[in-house]
Amino acid sequence: MTGSPRRDDAATMTCPICQTRFTPAGRQRYCSGACRKTAWRRRHQDQPPAPVIPAARPRRDHTIYECPECGQRLAGEQRCPDCGIFARRIGIGGPCPHCGEPVALTDLLEGGRAPAKSVSTS
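Keep in mind the model is a prediction, meaning the values are calculated, not measured.

Draft legend 1. Here's a closer look at the overall build of the protein. Within the protein one finds two helices and six strands. The burial tally for the protein puts 19% of its 122 residues in the buried class.

Given below as structure tokens:
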């Protein structure tokens, strides 16, 4: 045999459980019986349950779209009923509680374009 031997038993190795350096005897893989038993327990323990991922919910009903042609805002409709053109998505939103116009959440939070509110000065 001209090459090096497959196993060099005189060399030290690291225990995969406690990371301690030891000189193995024969085909020993762990530094002690306690580490060997710990490894066996880890290999044979029950697997943790898989995380539960909630089902996807459709967002189209809560999405505000705006027609690029006429500027009309649509709640849950991707195609403008007047122009027949596909509208661009603005963001998640719903109807304004005051006037009923579709309002995007970003309009309210960032101070963007929001439908004008009629204020009476009596």
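Draft legend 2. Molecular detail of the packing of aromatic side chains. Taken as a whole, this structure holds zero aromatic pairs when the rule is applied. Lying across the ring of Phe 86, Arg 79 places its NZ or CZ 4.6 Å from the centre.

Draft legend 3. Spatial organisation of the sheet that holds strand E3 (residues 63-66). Strand order in the open sheet formed by four strands is E4-E3-E5-E6, with antiparallel pairing between adjacent strands. Each of the sheet's edge strands pairs with one partner strand only, and the pair in question is strand E4 (73-75) and strand E6 (102-104). Averaged over all pairs of adjacent strands, the angle between strand axes in this sheet comes to 50°, irrespective of strand direction. Note: E3 against E4, three bridges, orientation antiparallel. The residue bridging Tyr 65 from the neighbouring strand is Leu 74, located in E4.

Draft legend 4. The arrangement of a nonpolar patch on the surface in detail. Together, Leu 105, Leu 108 and Leu 109 give the surface a local cluster of nonpolar side chains, amounting to about 340 Å² of exposed area. Along the chain, Leu 109 falls in helix H2 (residues 105-110). Of the residues examined, Leu 109 reaches a relative accessible area of 67% and is grouped as exposed.

Draft legend 5. Here's a closer look at the pattern of salt bridges. Here the structure, examined in full by the defined rule, presents three salt bridges. Linking Arg 88 and Glu 66 is a salt bridge whose minimum nitrogen-to-oxygen distance equals 2.9 Å. Here Arg 88 is found in strand E5 (residues 88-95), whereas its partner Glu 66 is found in strand E3, with 22 residues between them in sequence. The partly exposed category is assigned to Arg 88, whose relative accessible area is 47%. One salt bridge connects Asp 107 with Arg 73, and the closest N-O pair in it is separated by 2.4 Å.

Parameters at a glance
- Residues numbered from 1 in each chain as written.
- Predicted model: local features only at pLDDT ≥ 70, side-chain atom pairs only at ≥ 80, totals over all residues.
- Heavy atoms only, no water.
- Helix = DSSP H or I, 4+ residues; strand = E, 2+ residues; numbered from the N terminus.
- Buried < 20%, exposed > 50% of the residue type's maximum accessible area, 1.4 Å probe, protein only.
- Phe/Tyr/Trp six-rings, centres within 6.5 Å; stacked < 30°, edge-to-face > 60°.
- Lys NZ or Arg CZ within 6 Å of the ring centre and 35° of its normal.
- Pairing = 2+ DSSP bridges.
- Axes fitted to C-alpha atoms, helices over the stretch in contact; angles between N-to-C directions.
- Patch = residues over 30% accessible without salt bridge, like charges linked within 9 Å, V, L, I, M, F, W, Y side chains within 5 Å.
- Areas by Shrake-Rupley, 256 points an atom, 1.4 Å probe, with all protein chains shown as cover.
- Salt bridge = Lys/Arg side-chain N within 4 Å of Asp/Glu carboxyl O.

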